[in-house]
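Remarks on the overall topology
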Amino acid sequence: MSWFRRQRLALLALAVAIVAVVGAYVWLDVLPGIRPAGRVIDAESSADVAGQTLSLSGAEWGEFEAPDGTRSLSVRMTSSGGPEAGSCTISVTEPSTSRTWLSSRDGLDVPYDEAERSCTIEGSSYRILAVFLLPDDAEGPLLLDVEDGDHMTARFLVEP
């Protein structure tokens, strides 16, 4: 009996493992790099994104009670709405550490009818209240990114 015949199960397992590692590498490292890069617009106080004009109204630390070791950051915006208005994703990034947080009102005592959580499909103007739960050591200034589904991002500088 030859060596290859005795080791066929181990060799098969090795081949499957190699294919899995190469597949994971391509999926996680190669494909994101060749995806078309999104456009980032640096906005002063307003920007056109998701088919509407968004205007930054203000930001405030600690408006809502947060668990120990964290604090809330409330960001208020207004939207023009419109016939082409669409949804968006809102996040905030600390430039010095590149830590990023998504808007989340879950677990915080934020009134449901205060304002919308993010961009919506709305024909008329409306208000947005994005609430972030950040660790105590997070400091400003922060970058607020509003991204639509077409890889277009409006970036606001937020200094609460």
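1. So, the side chain of T93
By the secondary structure assignment, T93 is in strand β5 (residues 89-94). With residues up to four places along the chain from it excluded, the contact list for T93 reads S98, R99, T100, L142, L143 and D145.

2. Brief notes about the packing of aromatic side chains
Scanning all chains against the criterion turns up 1 aromatic pair. Here the aromatic rings of W3 and F4 are separated by 5.2 Å at their centres, their planes lie at 80 degrees, and the arrangement is edge-to-face. Its relative accessible area of 46% is what places W3 among the partly exposed residues. On the basis of relative accessibility, which here comes to 59%, the residue F4 falls in the exposed class.

3. Description of the sheet that holds β5
Taken in spatial order, the 5 strands line up as β1-β9-β8-β5-β6 in an open sheet, and their pairing is mixed. Since the sheet does not close on itself, it has two edges, and those belong to β1 (39-43) and β6 (99-102), each with one partner. Direction aside, the axes of adjacent strands within the sheet are offset by 25 degrees on average.

4. A short note on the state of the cysteines
Applying the stated criterion across every chain, the model contains 1 disulfide. The disulfide that involves C88 links it to C119, with 2.1 Å between the sulfurs. Its S-S torsion of about 85 degrees marks the bond between C88 and C119 as right-handed, since a negative value means left-handed. Pair noted here: C88 is in the loop between β4 (70-79) and β5 and C119 is in the loop between β6 and β7 (126-135), with a separation of 31 residues, a long-range link. We classify C119 as buried; its relative accessible area is 3%.

5. Focus: the nonpolar core
The biggest cluster of nonpolar side chains holds 26 residues, and the ones touching the most others in it are I90, F132, L134, L144 and V146. The set of elements that each furnish at least two residues to this core consists of β2 (46-49), β4, β5, β7, β8 (142-147) and β9 (152-158). Here this core takes 5 residues from β7, the largest share from any one element. In this structure L134 touches W61, T70, R71, L73, V92, W101 and L142, once residues within four positions along its chain are discounted. Within the second largest apolar cluster, 6 residues are counted, among which are F64, L108, V110 and A115.

6. Brief notes about the environment of I121
Residue placement: I121 occurs in the loop between β6 and β7. Residue classification places I121 among the exposed positions, given a relative accessible area of 73%. Separated by 38 residues in sequence, I121 and P83 place their C-alpha atoms 8.2 Å apart. The contacts of I121, once residues within four sequence positions are left out, are A85, G86 and S87.

Conventions adopted
Residues numbered from 1 in each chain as written. Predicted model: local features only at pLDDT ≥ 70, side-chain atom pairs only at ≥ 80, totals over all residues. Heavy atoms only, no water. Helix = DSSP H or I, 4+ residues; strand = E, 2+ residues; numbered from the N terminus. Contact = heavy atoms within 4.5 Å. Phe/Tyr/Trp six-rings, centres within 6.5 Å; stacked < 30°, edge-to-face > 60°. Buried < 20%, exposed > 50% of the residue type's maximum accessible area, 1.4 Å probe, protein only. Pairing = 2+ DSSP bridges. Axes fitted to C-alpha atoms, helices over the stretch in contact; angles between N-to-C directions. Disulfide = S-S within 2.5 Å. Core = buried A, V, L, I, M, F, W, Y, C linked by side-chain atoms within 4.5 Å.

The analysis is restricted to geometry; functional conclusions fall outside its scope.
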